[in-house]
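Observations on the three-dimensional arrangement
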Amino acid sequence: MKFFDRPISEIAADIQSGKTSARDVAVRALNLIEEGNAGLNAFITVCRESALKRAEEIDALPPEEKKSMPLCGIPLAVKDNICTKGVRMTCASRMLENFIPPYDATVIEFLEKAGAVIVGKTNLDEFAMGSANENSYFGPARNPHNPAKITGGSSGGSAAAVGAGIVPMALGTDTGGSIRQPCSHCGAAGLKPTYGRVSRYGAVAFASSLDQIGPMASDVRDIGLMLSVMAGPDIHDSTCAGKPFADSAGNYSGNISGFRVGMPAEYFGGGLSEEVRGAIAPVIENLKSRGAKIVDISLPNVKYAVATYYIISSAEASANLARYDGVRYGFRAEGAKSILEMYSRTRAQGFGPECKRRIMLGTYALSSGYYDAYYLKAARVRTLITQDFTNAFNSCDVIISPASPIPAGNIGERAGDPVQTYLMDIYTVSANLAGIPGLSVPSPAAGGMPVGVQFMAPQWREDLLLKAGYAVQTMGRL
């Protein structure tokens, strides 16, 4: 089950030239969704009618206008916590099960202007809270390489759709690794951009100082193309820096001679499974053989990253999810005899266990008497972690690490131990805390299940990530 084994730009060129039609490409994606989704549960909503209508509109455009669209007719899967006007957005929660957004997220506007065709909304952990995509109100998404195993989360549906070859590109959101970790498990490439590179307007907030929308695809070159379309200024988002991204063919030359790759001791010690270690070691040796310089570095404060992340993200989540009270929109519990009872019943019935857990953690961390001991201290440690990365990048261009300590596990095996699930984010949360970009690409040396190689770079240097990621993607072919 593969969409096309070639870059998005080539598919778009065929549509622009009339060699194929946007409608035929959309039909292929929709048919693959129909064939594969029953086993994967990757999609919550399929947009067959609107996708075909949009594809036919693209086919009717003049050739000159098509040529101005870099994503002309390319099917796109969208994580179901990103607003799509007139198309249901659930956040994989009972709370928003029937919510229809009245507007598009800014990234949706940018991508559709570039010619993208939305074919469906994908599964996720409820309100993007999870590392396995097991916390969805609509059931877990399943790994395309083994349906008994998790996809990773929270962007598990998007990663599964790309990893299975159902769609050539997808959108996810990344708060602590929610693009990179599922891409690692499903065999896809995924980028968390620099905080502020891509507008968050229209993405349902989990932790506002950490969230970023990012691209997912099978080919690193497609990641760069998508980012060049998605990045840019937005008056609706005060945290958007307005920095566009200009993709370049030089990012995909494969030449990494003199490239400095930092290898942090803290990421290659205990707790890393032998399967992951064995999949990343040959990548490091290959980079070295092609002229890259491996530099030993240290990130002394990343040992506090998981604790810091869960205090800050839970605190922000408790504030952001306060708006779901049954008054303005979304689910409302019945039978309440007072406004306070309606609030409590709505939130008790509308949220799943993981959302409730994080709301309680966050509310506790922000409460009187505990703010200084937890949230304020976590904010200070966040600054130390950021300084660690700043210091490390003085001696290297990118940092290499695993994206996950283990390959995808079986569905349900960690369901009763949330702390073990939280530790799955150990290699990814630091990039969000520091606001730097991170990219996961599949290791060509992986055995049975996919293993992701993560690269991190200084702020605004996504080009370095693409250069490193493409070198891994072409490992053994150059």
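First, a word on scope: everything that follows refers to the structure included in this document.

What counts, and at which threshold
Residues numbered from 1 in each chain as written. Predicted model: local features only at pLDDT ≥ 70, side-chain atom pairs only at ≥ 80, totals over all residues. Heavy atoms only, no water. Helix = DSSP H or I, 4+ residues; strand = E, 2+ residues; numbered from the N terminus. Expected span 1.5 Å × (residues − 1). Buried < 20%, exposed > 50% of the residue type's maximum accessible area, 1.4 Å probe, protein only. Arc of directions from axis to C-beta. Pairing = 2+ DSSP bridges. Right-handed = clockwise from strand over helix to strand, strands pointing away. Contact = heavy atoms within 4.5 Å. Core = buried A, V, L, I, M, F, W, Y, C linked by side-chain atoms within 4.5 Å.

All right, on to helix α11 (residues 339-350) then. The end-to-end C-alpha distance of α11, which contains 12 residues, comes to 16 Å, matching closely the 16 Å that a straight helix rising 1.5 Å per residue would cover. Those residues of α11 that fall on the buried side of the exposure criterion are Met342, Thr346 and Gly350. Seen along its axis, α11 keeps its buried residues to an arc of 35 degrees; they face one direction.

Attention shifts here to the pairing of strand β3 (residues 117-122). In terms of burial, β3 is a largely internal element, six of the six residues being buried. Bridge count between strand β1 (residues 43-46) and β3: three bridges; the pairing is antiparallel. The residue of β3 that forms the bridge with Thr45 is Lys121. With helix α5 (residues 106-113) bridging strand β2 (residues 75-79) and its parallel neighbour β3, the resulting β-α-β unit is right-handed.

Turning our attention to helix α3 (residues 48-59). Three- or four-residue spacings in an α-helix give side chains the same orientation, since the helix completes a turn every 3.6 residues. Taking 1.5 Å as the rise per residue, α3 with 12 residues should run 16 Å; its terminal C-alpha atoms sit 16 Å apart, in good agreement. For α3, the complete set of buried residues consists of Ala51, Leu52, Arg54, Ala55 and Ile58. Mapping the buried residues of α3 onto a view down its axis gives an arc of 165 degrees, with all of them on the same face. Seen from the buried face of α3, the exposed residues on the opposite side, beyond 90 degrees, are Glu49 and Lys53. The elements touched by buried residues of α3 are α2 (22-40), α4 (63-67), α5 and β3.

The biggest cluster of nonpolar side chains holds 147 residues, and the ones touching the most others in it are Leu71, Phe127, Leu171, Phe389 and Phe455. Considering each element in turn, this core owes the most residues, eight residues, to α2. Apart from the residues lying within four places of it in its own chain, the contact partners of Phe389 are Tyr267, Leu299, Val302, Ile399, Ser430, Ala434, Ile436 and Met456.

On the secondary structure map, Pro233 appears in the loop between α8 (220-230) and β7 (260-264). For the pair Pro233 and Gln473, spaced 240 residues apart in sequence, the C-alpha to C-alpha distance is 31 Å. Setting aside chain neighbours within four positions, we find Pro233 in contact with Phe110, Cys240 and Gly242.

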